[in-house]
Amino acid sequence: MERLQIPYNAVLVNPSDYEPDGFDKLLRRNIEASLNHPVVIEVFSNHIQYLVFLKDGQMYWAAASEGSGFRGITLKEFFSRLKKTQFPRIVFYHTNLILFHSLLVYLQKKPDLKVSSSLVDMDELLDKSILENRGSLVTAYQPGNFIMLRYQQGKPVACYHGHLGSHPQCDDKREEFLVKIYTLSRHRPFEVKLFSDLVVTHSEDARPLPGDNEGSVASYFLSHPPKLIVKLKNRPLKTYAFSGKEMTV
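This write-up is about the structure you can find in this document. Bear in mind that the values here come from a model prediction, so they are computed numbers and not experimental data. (Residues numbered from 1 in each chain as written. Predicted model: local features only at pLDDT ≥ 70, side-chain atom pairs only at ≥ 80, totals over all residues. Heavy atoms only, no water.)

## Some thoughts on the nonpolar core
Then, number 1: In this structure, Phe53 and Leu103 are the most contacted members of the largest nonpolar core, which totals 28 residues.
Then, number 2: Those elements giving two or more residues to this core turn out to be strand S2 (39-44), strand S3 (49-55), strand S4 (58-65), strand S6 (89-94), helix H3 (97-108), strand S9 (145-152) and strand S10 (155-161).
Then, number 3: Ranked by residue count, the leading element in this core is H3, at seven residues.
Then, number 4: For Phe53, the contacting residues outside a window of four places in its chain are Val39, Val40, Gln58, Met59, Tyr60, Trp61, Phe100, Leu103, Leu104 and Leu107.
Then, number 5: Formed by 26 residues, the second largest nonpolar core is a distinct cluster that contains Ile41, Ala64, Ile73 and Phe79. (Core = buried A, V, L, I, M, F, W, Y, C linked by side-chain atoms within 4.5 Å. Buried < 20%, exposed > 50% of the residue type's maximum accessible area, 1.4 Å probe, protein only. Helix = DSSP H or I, 4+ residues; strand = E, 2+ residues; numbered from the N terminus. Contact = heavy atoms within 4.5 Å.)

Encoded structure:
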């Protein structure tokens, strides 16, 4: 299976074999680190790739791909599937906030446009983002290469590709994006996507890890939180799961 190599600012934990106890310690450490900067965890094997997003001191969202594209999964499903994954490896990445959000847009949202780079005028496509004076994301993917260009208020503010720390930063982000596309597409075109809906969401079971939690992070998400069931004449009307310190009915 071809892995999606996401752009990143730095590697926090180098690729290593997954060990439940060691992973739990790393996870706790990076959940705390995500209070200062976003963290993305990649867990992969020959047959599957997981991406888990950490922000503001908690696990935020998770996705899985078995080669046909990513789909969002609950955190409970991530830990349940991880237990059954054969010989997985893990990597922890440090990202900045715009990159973190752009990756979520790419993985969560449906694009306004999806086309091969050989069938579209890239200059015209980028002009469209500028003229409409709005926030948008343009992505280009081919096996082994994933490039993102982020617009805010119609202006290109960031171009992401590979290890950002090892690449000189170009002042003209649009030009940097186009040069990469034209250089790397000589033998194989890119799949280009344009996103204008930039609203992202967290996993339905995302919640802070209690400070007094003595079990593993996995056991916390695999357990079933208590529920309040509202009934009328013994007929259930609605169920509320206790997922935080406060709940409004």
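## Here's the deal with the sheet that holds S9
Then, number 1: Pairing is antiparallel in the open sheet, where five strands are placed in the order S7-S11-S8-S9-S10. Edge strands, defined here as strands with exactly one partner in the open sheet, are strand S7 (113-116) and S10. Ignoring which end each strand starts from, the neighbouring axes of this sheet average 15° apart.
Then, number 2: The strands touched by H3 within the sheet are strand S8 (136-142), S9, S10 and strand S11 (191-195), with S9 carrying the most contacts at an inclination of about 110°. (Pairing = 2+ DSSP bridges. Axes fitted to C-alpha atoms, helices over the stretch in contact; angles between N-to-C directions.)

## Comments concerning helix H2 (residues 75-82)
Then, number 1: Listed in full, the buried residues belonging to H2 are Leu75, Phe78, Phe79, Arg81 and Leu82. For H2, the angular spread of the buried residues around the axis is 165°, confining them to a single face. (Arc of directions from axis to C-beta.)

## A word on the layout of surface pockets
Then, number 1: In this structure, the largest pocket spans a volume of roughly 390 Å³.
Then, number 2: Lining the largest pocket are 20 residues, with Ser68, Gly69, Phe70, Tyr106 and Lys193 positioned closest to its centre.
Then, number 3: Listing elements by their share of the lining of the largest pocket, those giving two or more residues are H3 and S11.
Then, number 4: A total of three residues in the lining of the largest pocket trace back to one element, the largest contributor, which is H3.
Then, number 5: Class assignment of the residues belonging to the lining of the largest pocket gives a composition of seven nonpolar, six polar and seven charged. (1 Å grid on protein atoms, 1.4 Å probe; cavity = no way out; pocket = protein on both sides within 12 Å on 5 of 7 lines; lining within 4 Å. Points joined across faces, edges and corners; volume = space filled by probe spheres on them. Nonpolar A, V, L, I, M, F, W, Y, C, P; charged D, E, K, R; others polar.)

## Side note on the packing of aromatic side chains
Then, number 1: As enumerated under the stated definition, the model contains 12 aromatic pairs in all.
Then, number 2: Ring plane angle 15° and centroid distance 5.9 Å describe the contact between Phe79 and Phe221, whose orientation is recorded as stacked. Here Phe79 is found in helix H2, whereas its partner Phe221 is found in helix H6 (residues 217-222), with 142 residues between them in sequence. The same class applies to Phe79 as to Phe221, namely buried.
Then, number 3: These aromatic residues form a ring-pair network of at least three members: Tyr50, Phe78, Phe79, Tyr220 and Phe221.
Then, number 4: When the ring centre of Phe44 is taken as reference, the NZ or CZ atom of Arg3 above it lies at 3.8 Å.
Then, number 5: The lysine or arginine in question, Arg207, covers the ring of Tyr220, its NZ or CZ lying 4.3 Å from the ring centre. (Phe/Tyr/Trp six-rings, centres within 6.5 Å; stacked < 30°, edge-to-face > 60°. Lys NZ or Arg CZ within 6 Å of the ring centre and 35° of its normal.)

## Examining a nonpolar patch on the surface
Then, number 1: A cluster of nonpolar side chains, Leu228, Val230, Leu232, Leu237 and Val249, forms an exposed patch at the surface whose accessible area comes to about 420 Å².
Then, number 2: If you tally residues by element for the nonpolar patch, the top one is strand S12 (residues 227-232), at three residues.
Then, number 3: Counting through the fold element by element, Leu237 comes out in strand S13 (residues 235-241).
Then, number 4: A relative accessible area of 47% places Leu237 in the partly exposed class. (Patch = residues over 30% accessible without salt bridge, like charges linked within 9 Å, V, L, I, M, F, W, Y side chains within 5 Å. Areas by Shrake-Rupley, 256 points an atom, 1.4 Å probe, with all protein chains shown as cover. Salt bridge = Lys/Arg side-chain N within 4 Å of Asp/Glu carboxyl O.)

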